[in-house]
Amino acid sequence: MPYDDDSFASRPLDRRTFIRRGIAFVGAGAMTPPAFLRAVFDEQSLPVSTTSALTDAAKRVLVVLQLGGGNDGLNTVIPVGDPAYARARPSLAIDAASALPLGEGLALNPAMTGMKTLYDRGQLGVVLGVGYPDPSRSHFRSMDIWHAASFEEHAETGWIGRLLDATKHEQDSLWRAANMGADEPLSLASRASFVPSVGSVPAYVLQTDGRLPREAARRTQGYVEIQTRQAEALARQAEYGGQLAFLSKTGLDAYQSTVDLQIAAKGYKAAATYPNTPVASALSTAAQLISSDLGTGVCYVTTGGFDTHGNQSGTQNNLLGTVSNALLAFYDDLAVRGRANDVTTLVWTEFGRRVKENGSRGTDHGTAGPVFIVGGGVKGGLHGAQPSVGSLDDNGDLKFSTDFRSVYASIIAQRFGVDPKDVLGQSFAPLPLFA
Amino acid sequence: MALNGERAKIRHLLRRTGFGATPAEVEEYVALGLAGAVDRLLAPEQVDDSAVEAILAPIRVEALQDRQALLALWHTRLALTRRPLLEKMTYLWHDHFATGVRKVGNPSFMLVQNETLRAGALGRFRDLLLAVTRDPAMMVWLDNRQNVASAPNENYAREMLELFTLGEGVAYTERDVKEAARALTGWKIVAEKRDPQDDNPYPTGVVITPKQHDDRAKTVLGRTGRWGDEDVMRIISERPECAAYIGRKLWQWFAVPDPTPAMIARTSAAYFADDTSIRSMLRVVLLSNEMYSPAAYRWRIQSPVEYVAGTLRMLGLAERGGKAFRDTQAMGQVLFDPPNVGGWPGGEAWVNSNTVLARANFANDVTRIGRPGQSVDVAGMLRAVGATASAAQVVDHLLDLVVGGDVDSGTRGVLIEHLGGANHFNFAQAEKAGTLQGVLYLILTMPLAHLS
């Protein structure tokens, strides 16, 4: 046997260094598994940074909550005072009596009681009429535009990915950004930053058959070693379209991130009652990461179902209520931890919907809609201008009043202290979203 | 790497056109030669698959009422079918005409759609497109059953032009979307309960309600007439952009990531020469030089469905098909439940920390010790073929089975070391220590094993 059990002895070695050195080592042509591989099993010996040691700026976190499918903005932030709205929506209009008033003739969907509470506390900013010029009514194209903050076809990086790359030198944890879910959104795609995707914390482990403990440990060891070797197969990149190196690098980072997470996650207990919904549980996982010592600065949550072409009202109210209650629980949890002011949540959707309802008590794809900014540093209340239902574009859709990229620019500049030009490629007038 | 020799080419062909091949299948197709293998793959009706159908029949009855049975039915079929390309194309069309059971609700609608896609998978694209347009599950999924003359619902028309036939913004305008939607008005689903206890009525067809159909003239892609759905699908499928859109997809699924305009022109020519024939386009791709060029070799990242189906097939674990959806779900994919009408993004999007861990954990699960049917008995498998003499023999046999042998000497060295090294190997001891199971785990988790 190549190893004795006692060779897994503790050997303090920074794991980041271990991976890098490991690759270099194999690259030098080594054949037998080197000592550095053993360090990976020595989970407890690693230095872990503590959040309390971070500066206020470094404690700032961005949470993005994406409403997939195109949420109907007009039945979310409702122009209850506008008769043209009621005329366009004979079966779908929500009246002033049941909606939750925000002032200025606008009101929240009746199901959004959680977000109304946040609004009343001054923790919710509503940016009205957010969109972009020459809007696409394709889900995919419009999502890509929002994710990439670019009109380029087939963009390869997202705006958050570029933000991560721009700030990589400040913080190099594998967990500086995390996606709560199985599929990584284009927003997080970067040139140089690994972003873990985590469904649930307990399941985020590399399992090994536990019946024979020695063999189980050797499976993990062999896994790491083969990934390391094939990561070094960069020389053969052209032969495999570069995929071999990509797969193995992800495999290595994934394994290392499981070790980090299981250490950091010990001792988390939600300080608020989260509803039993997927979006609430994703936000609870985000709270867990944020309150750990992993240095997480970005969390991404996606929820879908907003493509309400038929029988919209029950479906949309349900979804909005679910999102709204989850956000309230999230901020209650963060408040107990003293982190509510560090964490800013951005809620967006790829487009609003057609002003006039269709024949199926639903709405077809439209254009501009509201964006929500919650929590950290936010100036609560209404921002920007509500587009007029009386003055539509040629297609019968709302005209946007605020470019979504100026919302991003405000977050990038005011919460991360980065020049928006470095991320968005051009300047946008900042909005007074933050106090 | 260049694909040298007919055997290597046929193994490559089988990786792309199927879901992992068993050693017996490899021999069967190698005996036919490359051209013969392509002929066999393209003529599934000539391959007797009745033994598999007999196994599937009782699962099908359950699948009419139950979503998990619906998943079990297809996963089991993928693990057993003798018509690999037919299944690959059915899977491709499911991804292309992506429809989700979550909105459709009724599993029998999804089953009927799956059978419609299989029946039309290799036929004329025009026929397939019309069949999908009138497919009950699709009519629920993209709301065409609610599309009526008095208030058109343009959901299906838009996605059909953007995703099913031409590509976003290619050759059509917002006006074409609206006009095509009018041509598709008035269709209703007919479904019946075959048993009073049924929760899920079976769709028997669709009918048009003349009063709800917009019978006036429409102009679609520059052609004006009192078009109905069949006319619109014909007009669209006659467009060169449609042939190019479908041809590009076939090149990318089966051959290379970036087909050139000249390659696409070849599939388009086959498409038009044979009345929009999918089979003719496929024949061009599968017999092309590009298909076997270095650029075509092992660049495709297998989807979870492909990885799981291939593993179950190669290891003889079809029994696991009943719960295979849990395995693919952890890796980010559930059949009949695409993320949206655009299908699965695929490629590198399959790979993130969560999904690579799930793949490794699946490999761990199918190589656990002592769970017949759920995990493989590696020692038994090796004994059956007489590969027990040395660590190298064990490793080479398993590498050949899973990845067709092509692996760097460094990785091969690690695998031999896992078995105790070249000089200290003892089959019985390796079996007892679990390292035979372990070495297969390491092979299934190699980055190379995720590429096809």
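All figures in this text were calculated on a predicted structure; none of them were measured in a lab.

Rules used throughout
- Residues numbered from 1 in each chain as written.
- Chains lettered and ligands numbered in written order.
- Predicted model: local features only at pLDDT ≥ 70, side-chain atom pairs only at ≥ 80, totals over all residues.
- Helix = DSSP H or I, 4+ residues; strand = E, 2+ residues; numbered from the N terminus.
- Rg over C-alpha atoms; globule rule 2.2 N^0.38 Å.
- Contact = placed C-beta atoms within 7 Å.
- Buried ≥ 20, exposed ≤ 12 C-beta atoms within 10 Å, placed from the backbone.
- Nonpolar A, V, L, I, M, F, W, Y, C, P; charged D, E, K, R; others polar.
- Core = buried A, V, L, I, M, F, W, Y, C linked by C-beta atoms within 7 Å.
- Pairing = 2+ DSSP bridges.
- pLDDT = per-residue confidence, 0-100.
- Axes fitted to C-alpha atoms, helices over the stretch in contact; angles between N-to-C directions.
- Left-handed = near helix turned anticlockwise from the far one by under 90°.
- Expected span 1.5 Å × (residues − 1).
- Domains from an automatic or database assignment.

A. Expanded view of the overall build of chain B. The helix and strand tally for chain B stands at 23 helices and four strands. Taken against the 2.2 N^0.38 rule, which gives 22 Å for 452 residues, the C-alpha radius of gyration of chain B at 24 Å falls within 12% of a compact globule. In chain B, once contacts between residues fewer than 6 apart in sequence are set aside, the share between residues at least 24 apart is 69%.

B. Up close: the overall build of chain A. Looking only at helices and strands, chain A has twelve helices and eleven strands in total. Within chain A, the proportion of its 435 residues that are buried is 54%. Considering only contacts within chain A whose residues lie at least 6 apart along the sequence, 72% involve residues at least 24 apart.

C. Fine view of the interface of chain B and chain A. Taken together, the contact pairs 57 residues of chain B with 53 residues of chain A. Of all elements in the fold, only α10 (155–165), α18 (353–366), α21 (409–418) and α23 (435–444) of chain B reach the threshold of two or more residues within the side of chain B that touches chain A. Among the elements that make up the side of chain B that touches chain A, the one with the highest residue count is α18 of chain B (eight residues). Looking at the side of chain B that touches chain A, its residues break down into 23 nonpolar, 24 polar and ten charged.

D. How the structure looks around the nonpolar core. Counting 248 residues, the largest nonpolar core has Ala 286, Cys 299, Val 301 and Val 371 of chain A together with Val 439 and Ile 443 of chain B as the members making the most contacts within it. The element best represented in this core is helix α10 (residues 312–336) of chain A, accounting for ten residues. Ignoring any residue separated from it by four or fewer positions in sequence, one finds Val 371 of chain A in contact with Val 127, Val 130, Leu 346, Val 347, Trp 348, Phe 404 and Val 407 of chain A.

E. Seen up close, the sheet that holds strand β2 (residues 77–78) of chain A. All names here are of chain A. Taken in spatial order, the three strands of this open sheet run β2-β4-β3, and their pairing is antiparallel. The two strands at the open ends of the sheet, each matched to only one other strand, are β2 and β3 (100–103). Two strands pair when backbone bridges link them, and β2 and strand β4 (residues 106–108) are joined in this way by two bridges, in the antiparallel orientation. By the bridge assignment for β4, Ile 78 is matched with Ala 107.

F. Representation of the confidence of the model for chain A. Here chain A averages 85 in pLDDT, and 84% of its residues register 70 or above. Contacts for the low-pLDDT stretch residues 1–53 of chain A, under 50 throughout, to residues beyond four places or in other chains number 56 contacts.

G. Structural context of the packing of helix α7 (residues 213–231) of chain A against helix α8 (residues 243–264) of chain A. Residue and element names in this part refer to chain A. At a minimum axis separation of 8 Å, α7 and α8 run at an interaxial angle of 145°. In the packing of α7 onto α8, the handedness of the crossing is left-handed. Two secondary-structure elements touch here, α7 through Tyr 223, Val 224, Gln 227, Thr 228, Gln 230 and Ala 231 and α8 through Leu 244, Ala 245, Ser 248, Lys 249, Gly 251, Leu 252 and Tyr 255. When its residues are assigned to classes, the contact of α7 with α8 shows seven nonpolar, five polar and one charged.

H. Molecular detail of α8 of chain A. For α8 of chain A, which comprises 22 residues, the first-to-last C-alpha distance of 31 Å matches the rise-based estimate of 32 Å (1.5 Å per residue) to within 8%. Within α8 of chain A, 16 of the 22 residues are buried, which leaves it mostly tucked inside the rest of the structure.

I. The arrangement of the pairing of strand β7 (residues 298–303) of chain A in detail. All names here are of chain A. Judged by how many residues are buried, β7 sits mostly within the fold: six of six residues are covered. Alternating residues of β7 divide into Val 298, Tyr 300 and Thr 302 and Cys 299, Val 301 and Thr 303, and every residue in both groups is buried. Here strand β1 (residues 61–67) pairs with β7 via six bridges, running parallel. From the neighbouring strand, Leu 62 faces β7, where its bridge partner is Val 298. Of the strand pairs in this sheet, strand β6 (residues 177–180) and β7 are connected by four bridges, and their pairing is parallel. Directly across from Ala 178, in β7, lies its bridge partner Cys 299.

J. A look at the confidence of the model for chain B. Looking at chain B as a whole, its pLDDT mean stands at 96, while 100% of the residues score no less than 70. Per the prediction output, this complex has pTM 0.81; the corresponding ipTM is 0.90.

K. Spotlight on the pairing of β3 of chain A. Residues and elements named next belong to chain A. Two elements, β3 and β4, share three bridges in a ladder whose sense is antiparallel. What sits directly across from Pro 101, in β4, is Ala 107. What sits between β3 and β4 in their antiparallel hairpin is a turn of two residues, with Glu 104 showing a positive phi close to 55°.

L. Just the domain arrangement of chain A, in detail. All names here are of chain A. The domains assigned to chain A are domain 1 (51–201 + 272–424) and domain 2 (202–264). Domain 1 puts eleven residues into the contact, and the matching count from domain 2 is ten residues. Looking at side-chain class alone, the side of domain 1 that touches domain 2 contains seven nonpolar, three polar and one charged residues.

M. Here's a closer look at the environment of Val 378 of chain B. Tracing the backbone shows Val 378 of chain B in helix α19 (residues 378–385). Through-space distance from the C-alpha of Val 378 of chain B to that of Val 439 of chain B is 9.3 Å; in sequence the pair is 61 residues apart.

N. Looking closely at α10 of chain A. Between its first and last C-alpha atoms α10 of chain A spans 36 Å; for 25 residues at 1.5 Å apiece the expected length is 36 Å, and the two agree. Directly after α10 of chain A, the chain includes Gly 338 of chain A, whose backbone phi takes a positive value near 70°.

O. Representation of the domain arrangement of chain B. All names here are of chain B. Structurally, chain B comprises domain 1 (83–296) and domain 2 (304–450). Taking the mean C-alpha position of each, domain 1 and domain 2 sit 36 Å from one another. Contacts between the two partners involve eleven residues from domain 1, matched on the other side by eight residues from domain 2. Every element with two or more residues in the side of domain 1 that touches domain 2 is listed here: α5 (84–96), α6 (101–104) and α10.

P. Focus on unusual backbone geometry. Of note, Arg 361 of chain A is a non-glycine position whose phi angle comes to about 55°, a positive value. For Arg 361 of chain A, the position within the fold is in the loop between β8 (343–349) and β9 (369–375). With phi around 60°, Thr 276 of chain B is a residue other than glycine that occupies positive phi space. By the element assignment, Thr 276 of chain B lies in the loop between α14 (261–273) and α15 (278–286).

Q. Representation of the environment of Trp 253 of chain B in the model. Tracing the chain through its elements places Trp 253 of chain B in helix α13 (residues 240–254). Trp 253 of chain B gets classed as partly exposed once you count the C-beta atoms within 10 Å, which come to 19.

R. Spotlight on the environment of Pro 257 of chain B. Looking at where Pro 257 of chain B falls in the secondary structure, it is placed in the loop between α13 and α14. In the structure, Pro 257 of chain B is positioned 104 residues away from Asn 153 of chain B in sequence and 36 Å away in space, judged by C-alpha atoms.

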